[in-house]
Amino acid sequence: MSLLRQLWLLVITATVVAFLGSAVVNLYTARNYLEQQLYAQSTDSAASLALSMTQQPKDAATIELMVSALFDSGHFALVRYSNVDGEVISERANSGEAGQVPQWFIELFPIEVATGQAEVSDGWQQAGRVTVIAHSRFAQQALWDGAFKLLLLIGGAGLLSGLVMHRLFLWVKRPIVQMVGQAEAISERRFVTIPVPRVTELRAVVQAMNTMVERVKTMFAEQAARIDALRSEANRDALTQLPNRNFFMGRLAQALGDEESAPDGALLLLRLHDLIGLNRRLGRERADQFLQSVAGKLGVALSAQPDALLARLNGADFAVLLPGEQAELAEDLAQRMQAGLAELRRAELADQPDLAAIGIAPYRASEAIGTVLARCDEALAQAEGSRNGIQLAQRDATPPVRSGQEWQAEIRRALDKGAFRLAAYPVLRQDGTLWHREMMLRLQQADGQLLTAGTFMPMASRLGLTSVLDLETVRLACAELERSQDDVAVNLSAVSIADAQFVDKLLALLRGHKAQTSRLWLEVNEFGFRDEMMALAEFARRVRPLGCKVGIEHFGRHFGSIPQLYELQLDYLKLDSSFVQGIEMHTGNQQLIKAIVGVAQGNGLMSIAEGVQTDAEWDMLAKLGVQGMTGPVTSRREPR
Amino acid sequence: MQTSPVYRHAPFHTFSIILTITLSLGLAVAAVNVSRMQAFLNEQTGNKPLPLFAEWRRLVAELRNASGDEIRLQRVNELFNRRIAFLDDITLWGEADYWATPLETFAKASGDCEDFTIAKYFTLVESGVDPARLRLTYVKARIGGAQSKITQAHMVLTYYATPQAEPLVLDNLIGEIRPASRRPDLLPVFSFNRDGVYVGGAAPAPVERLSRWTNLILRMQAQGYDP
């Protein structure tokens, strides 16, 4: 029984008890008083009548008249005159009923009127006796009215106090409900604070809870900051704060190997001339300053390209990865970089006219990393001797370029004809058993050739078709779920999950496959921005009832954006391959992964490593507590 | 000849039941708390011994065993008429009309006609006279004889051997007890006995406090004399 109902019951019981108690006391008191009044009336009337009769002749007519006169002028049940021998000489009686008073009430609270008597004399002689009984009708009516008014009054008071208590309870209930919500949120590892209520007894509890939550938040924030620091430390060049070689190579491998990667792009290598000589001539301090300035100038030259990744590979070598960009743009950027470096010379930070050479190599996603690097090195060597210090490596053939309209038509065609396919990449548990399959969308062209997501997704994004393709992916995944017993993971874009219409359609689709949705894993790219995190939290909240798992992929790809995991209700993280590669030899990344896995476990999240290539990496990751692996290595480990 | 019952019994008065039990426990004078009465008198007279009270107690004790009401009437009338001086209320109590209790009358050794009548009435009842035979009677008295034109409101105690009998008059104006016919100076106006005004033994209820008679009874009870 709810507290509110119990309180109401209490009020009703108290009202009934109060009514019965006061009614009984009241009615008995009132009845007692009324009986005495009636007795006084009887006695007084008897005395008056006796006094009058004593003065009058005692003939029958006079007696009759006097008895009648008294009886008719007042409210009496009985007026009687009897002689000294007790014989009744004259009597008038009225046994009328007590008006509108119910019989049961009269039986419950009868009014018994005591008899009033007085002696009548005739000179010195006794003449007789007068007996008078006042009528109780009006007293009974008064008693009934009193009881009725009492019932109304106490009933009204009971109702009023009940309503007041109801309001009071609701007032107290609100913070209690909020507290319950907070407790439930905490049990789900969501750490939220609630407003401090005005109810004194609850205030202390809420304050204590809020303080605890704040502490936990601080703790997590510290952890996240530590992870960020580790990430930075392990993957950045200490002097220039640019990504280091290890990180760059990881990203290059992704650009060449990932399903989602752009189909082509460009790689730039920049080498500063004679850094050793510079070091010697200007001193180490000024040389360091020079290197930092170089990093700054290169950053400015690339600031228009958000996807460009600039890194310092080693001493004098810098590299730029331009995924999805054509060689022409790369050349343009290289010229801007050279122009930036020329400014350094004018600012007399360098003493040589010719500061650096830049080699450019266009690549295609399917190429091997060694081939691309070798081609770029070759171009760099040629650039050393060239006039402007820039050399573009030749590539065998340029793939046909499609226009926006052509892409739109192609995607529409594929949607209509059902030409989208899913490519599956297994994710294994530590013990090598299949955990789930990550599904990638592919487009089957009219000629049968399959295009990877990296090829058409950037165009779809430009055309505003991302959500449509995401929905198509989920639809295909649901079909896959019905076909097999394995779990299936699909990627959704940040744009889609922030789109309420998309989420509505998604939920409608998923509701049609309720039996399978618990085997569906939905993952989104790592989030950095606050509003995107809110969108993800809202998305997770809406999808959760269907049993879908929600996670983040490529976690840690971007610097300084480790999301505040404790505010999201997520199920898993997929750790970005850029710090998975060569993990067994990289202690910095080992620490980083250990820290991330620690936070993930603390928040009830599973962690999965992306892009695992070797058994050595696998073993190290397993040792660090990573629960699942995906990447090239799975093709060797997956049980057949 | 039928006599109607003169006591009214209130049905559920535990108080009266307890009182009856107390009475039947054999106290010398039934509902008389001698020590309380004595204490009251001491307070009134300043601890002066009061032979009248002792005499009264002796007389009551003696008359309880007497046979016949005649001797009782005789002795009680004689005691009060001899030992109590007539004094009107305004002199004695500072009030126009004050009904003194027997003890107050003892303490003052004086009283007016009502005080005489009251004291005689209760003493007779205490001595064993049936209260149904006694009446307190308001009379118009011709002062100085039957032919006098000076009249005065007066109260006497009358005794009816039977309801139809000619009453005997106990009066403080004339020392001896005479039948009513021999009192031409008195003209009866109204009489009452305690049935008309007082419910014997009942706990006094608020409305009854208004009655003079009840007021008297209450004061008597407070003074240790519960009739």
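Computed from a predicted model, the values in this text were never measured in an experiment.

Within chain B, the regular secondary structure consists of 9 helices and 7 strands. Taking all 227 residues of chain B together, the buried fraction comes to 36%. Long-range pairs, those at least 24 residues apart, make up 61% of the contacts in chain B with a sequence separation of at least 6.

Time to look at the overall build of chain A. Secondary structure summary: chain A contains 19 helices and 18 strands in total. Looking at the 640 residues of chain A, the share that counts as buried comes to 37%. Long-range pairs, those at least 24 residues apart, make up 69% of the contacts in chain A with a sequence separation of at least 6.

A few words on the sheet that holds strand E9 (residues 390-392) of chain A. All names here are of chain A. Taken in spatial order, the 5 strands of this open sheet run E6-E7-E5-E8-E9, and their pairing is mixed. The outermost strands of the open sheet, each flanked by one partner alone, are strand E6 (309-314) and E9. Averaged over neighbouring strand pairs, the angle between their axes works out to 20° when direction is ignored. By the bridge criterion, 7 bridges tie strand E5 (residues 264-272) to strand E7 (residues 317-323) in an arrangement that is antiparallel. Across the sheet, the residue bridging to Arg-271 is Asp-317, located in E7.

Residue and element names in this part refer to chain A. As paired elements, E6 and E7 share 5 bridges and run antiparallel to each other. Across the sheet, residue Leu-310 finds its bridge partner in E7, namely Val-320. What sits between the antiparallel neighbours E6 and E7 is a turn of 2 residues.

Every α-helical turn comprises 3.6 residues, leaving residues that sit three or four positions apart pointing alike. Within helix H18 (residues 615-623) of chain A the residues assigned to the buried category are A:Glu617, A:Trp618, A:Met620 and A:Leu621. The inward-facing, buried residues of H18(A) contact helix H17 (587-602), strand E17 (606-609) and strand E18 (628-630) of chain A.

The next subject is the nonpolar core. Across soluble globular proteins, you tend to see nonpolar side chains buried next to one another. Residue and element names in this part refer to chain A. Formed by 72 residues in total, the largest nonpolar core has its most connected members in Leu-49, Ala-50 and Val-130. The dominant element in this core, judged by the number of residues it contributes, is helix H1 (residues 3-55), at 8 residues. If sequence neighbours within four positions are ignored, Val-130 has contacts with Ala-46, Leu-49, Ala-50, Met-53, Tyr-81, Gln-117, Ala-118 and Val-120. By size, the runner-up hydrophobic cluster in this structure holds 64 residues, among which are Leu-469, Val-474, Ala-477 and Leu-506.

Residue and element names in this part refer to chain A. Where strand E16 (residues 572-575) lies against E17, 4 bridges are found, and the strand directions are parallel. Considered in E17, the bridge of Leu-573 is made with Ser-607. Regarding the hand of the β-α-β motif, the stretch spanning E16, H17 and E17 is right-handed. As paired elements, E17 and E18 share 2 bridges and run parallel to each other. Along E18, the bridge assignment pairs Ile-608 with Gly-628. Once you follow E17 into H18 and on to E18, the crossover reads as right-handed.

Turning our eyes to something else, we now look at the environment of B:Pro49. Within the secondary structure, B:Pro49 sits in the loop between helix H2 (34-45) and helix H3 (51-64). Linking B:Pro49 and B:Gln38, residues 11 residues apart in sequence, is a C-alpha distance of 9.6 Å.

Here the focus is the sheet that holds strand E1 (residues 76-83) of chain A. Residues and elements named next belong to chain A. An order of E2-E1-E4-E3 is seen for the 4 strands of this open sheet, with the pairing classed as antiparallel. In this open sheet, the two edge strands, each paired with only one partner strand, are strand E2 (88-93) and strand E3 (116-122). Averaged over all pairs of adjacent strands, the angle between strand axes in this sheet comes to 15°, irrespective of strand direction. The pairing of E1 with strand E4 (residues 125-134) spans 7 bridges and is classified as antiparallel. Considered in E4, the bridge of Leu-78 is made with Ile-133. Packing against the sheet, H1 makes contact with E3 and E4, and its axis sits at approximately 10° to E3.

Residue A:Gln241 is not a glycine yet carries a positive backbone phi of 65°. Relative to the assigned elements, A:Gln241 resides in the loop between helix H5 (200-235) and helix H6 (245-257). Given 13 C-beta atoms within 10 Å, A:Gln241 falls into the partly exposed group. Not every positive phi belongs to a glycine, and B:Ala109 is a case in point at roughly 55°. Looking at where B:Ala109 falls in the secondary structure, it is placed in the loop between helix H6 (102-108) and strand E2 (110-111).

Segments scoring low in pLDDT should not have their predicted coordinates read at a detailed level. Residues and elements named next belong to chain B. Overall, the predicted model of chain B reaches an average pLDDT of 79, with 79% of residues at or above 70. Of all the helices and strands in chain B, helix H1 (residues 14-23) carries the lowest mean pLDDT, 47, while strand E5 (residues 168-170) carries the highest, 94. Below a pLDDT of 50 lies the segment residues 198-209, which in the model reaches 26 contacts outside its immediate sequence neighbourhood of four places, other chains included. Here the predicted complex carries an ipTM of 0.73, next to a pTM of 0.53.

So, about the packing of H5(A) against H17(A). All names here are of chain A. For the pair H5 and H17, the least separation of the axes is 8 Å and the interaxial angle reads 160°. As judged from the angle between their axes, H5 and H17 are roughly antiparallel. In this structure, H5 meets H17 at a crossing whose hand is left-handed. Listed contacts from H17 to Gln-223, Arg-226, Ile-227, Leu-230, Arg-231, Glu-233 and Ala-234 of H5 are Gly-588, Asn-589, Gln-591, Leu-592, Ala-595, Ile-596 and Val-599. Its residues placed into classes, the contact of H5 with H17 shows 7 nonpolar, 4 polar and 3 charged.

Rules and cut-offs
- Residue positions are given per chain, counted from 1 along the sequence in the order it is written.
- Chains and ligands are labelled sequentially in the order written, the chains with letters from A and the ligands with numbers from 1.
- Only residues with pLDDT of at least 70 are given local features in this predicted model, and only at 80 or more are side-chain atom pairs given and counted; all residues enter the totals for whole chains, interfaces and linings.
- Helix and strand assignments come from DSSP, with helices taken as H or I runs of at least 4 residues and strands as E runs of at least 2, each series counted from the N terminus.
- Backbone-placed C-beta atoms define the burial measure: a residue is buried with 20 or more other C-beta atoms within 10 Å of its own, exposed with 12 or fewer, and partly exposed in between.
- Any residue pair is listed as a contact if its two C-beta atoms, each placed from the backbone, are within 7 Å.
- DSSP bridges decide pairing: two strands pair if at least two such bridges lie between them.
- Angles shown run from 0 to 180 degrees and are taken between the N-to-C directions of axes, each axis being a line fitted to C-alpha atoms and, for helices, limited to the stretch in contact.
- By definition, a nonpolar core groups buried Ala, Val, Leu, Ile, Met, Phe, Trp, Tyr and Cys residues that connect through C-beta atoms lying within 7 Å of each other.
- When the strands point away from the viewer, a crossover counts as right-handed if the path from the first strand over the helix to the second runs clockwise.
- Confidence of the predictor in every single residue is expressed as pLDDT, which spans 0 to 100.
- An angle counts as roughly parallel when it lies under 35 degrees, as roughly antiparallel when it exceeds 145, as roughly perpendicular when it falls between 65 and 115, and as oblique in every other case.
- Helix crossings get a hand from a simple test, with the near helix turned counterclockwise from the far one by less than a right angle marking a left-handed crossing and a clockwise turn marking a right-handed one.
- Here the nonpolar group is Ala, Val, Leu, Ile, Met, Phe, Trp, Tyr, Cys and Pro; Asp, Glu, Lys and Arg are the charged ones; every other residue, Gly included, is treated as polar.

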